[in-house]
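So you can see what is in the structure, the chains are spelled out below.
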Amino acid sequence: MNTNKGRRSFSLNYLFASFFGALMIAGAFAYFNYRFSEYKFIDFDKWIYYRKSDIFQPDKERYLVLFYSSSMQDVGKILEKMDRKEPILAVDLYLTRPEEDSSAIYITSGTNTLLKMIQRFNIYEAPCYFYIKRIRNGLYKQDSAVNLIEL
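Residues numbered from 1 in each chain as written. Predicted model: local features only at pLDDT ≥ 70, side-chain atom pairs only at ≥ 80, totals over all residues. Heavy atoms only, no water.

It is worth spelling out a nonpolar patch on the surface at this point. Taken together, the side chains of Phe19, Phe20, Leu23 and Met24 make up a nonpolar region of the molecular surface, amounting to roughly 480 Å² of accessible area. Among the structural elements, Met24 can be located in helix α1 (residues 12-38). On the basis of relative accessible area, Met24 is assigned to the exposed category, the value being 52%. (Patch = residues over 30% accessible without salt bridge, like charges linked within 9 Å, V, L, I, M, F, W, Y side chains within 5 Å. Areas by Shrake-Rupley, 256 points an atom, 1.4 Å probe, with all protein chains shown as cover. Salt bridge = Lys/Arg side-chain N within 4 Å of Asp/Glu carboxyl O. Helix = DSSP H or I, 4+ residues; strand = E, 2+ residues; numbered from the N terminus. Buried < 20%, exposed > 50% of the residue type's maximum accessible area, 1.4 Å probe, protein only.)

This is the structure in structure tokens:
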């Protein structure tokens, strides 16, 4: 008779604990990758945007990007509701470029570039906005969720 009360060298408890630990690590890794990929990048060196008379070159660390359509909304009313802490890049989906004023930097681009931007940032309704922050030179990363503006 074996009176040894110790554990066997291979225990199912160890196997399940190891499996559970590996599952927890894999889950944490997958969640981190999902959260990181949730926000998108925009490279102003590759995608060209125009101001009234020249090419837009970003020079600030952060911007608030506003999508609106001048054919459907009054941009003045939209800008009244916006946070003024960050410079505003106002992207008109109707492709007009009004004269710049102190309230916003009005930019637009060709249809193909606008479609790429709409698809990348999952723009479904206008007006909406999100923040971007500089990573390096002309490369910016989305820094907030896309938020709708109620008029």
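On to the side chain of Ser69, then. Structurally, Ser69 is set in the loop between β2 (62-68) and α2 (75-80). Discounting chain neighbours no more than four positions away, the residues touching Ser69 are Asp92, Leu93 and Tyr94. (Contact = heavy atoms within 4.5 Å.)

Bringing the packing of aromatic side chains into the picture now. Between two aromatic rings, the relevant description is the distance of the centres plus the angle of the planes. The final tally for this structure, using the stated rule, is eight aromatic pairs. When the centroid spacing of 4.6 Å and the interplanar angle of 25° are considered together, the rings of Phe121 and Phe130 count as stacked. One exposure class covers both Phe121 and Phe130, and it is buried. Here the aromatic residues Phe44, Tyr49, Phe56, Tyr63 and Tyr140 are joined through ring pairs into a cluster of three or more. The ring of Phe41 has Lys141 sitting right over it, with the charged end atom 5.5 Å from the ring centre. (Phe/Tyr/Trp six-rings, centres within 6.5 Å; stacked < 30°, edge-to-face > 60°. Lys NZ or Arg CZ within 6 Å of the ring centre and 35° of its normal.)

Moving on, we get to the pattern of salt bridges. Counted by the stated rule, this structure contains four salt bridges. Residue Glu86 is joined to Arg62 by a salt bridge in which the shortest nitrogen-to-oxygen separation is 3.2 Å. Here the residue Glu86 occupies a position in the loop between α2 and β3 (88-92), and Arg62 occupies one in strand β2, the gap between them amounting to 24 residues. Exposure remark for Arg62: the relative accessible area of 25% places this residue in the partly exposed category. A salt bridge links Asp143 to Arg62; the nearest nitrogen and oxygen atoms lie 2.2 Å apart. Taken together, the residues span a long stretch of sequence, with Asp143 in the loop between β6 (139-142) and β7 (147-148) and Arg62 in strand β2 at a distance of 81 residues. Since its relative accessible area comes to 29%, Asp143 is described here as partly exposed. One network of salt bridges, with partners in common, ties together Arg62, Glu86, Lys133 and Asp143.

Glancing now at helix α3 (residues 111-120). Here α3 has its buried residues at Thr113, Leu114 and Met117. The arc enclosing the buried residues of α3, seen along the axis, measures out at 100°, which places them on a common side. Turned more than 90 degrees from where α3 packs its buried face, Asn112 and Gln119 sit exposed. Those residues of α3 that are buried are in contact with β1 (41-43), β2 and β3. Asn122 sits one or two residues past α3 and shows a positive phi near 55°. (Arc of directions from axis to C-beta.)

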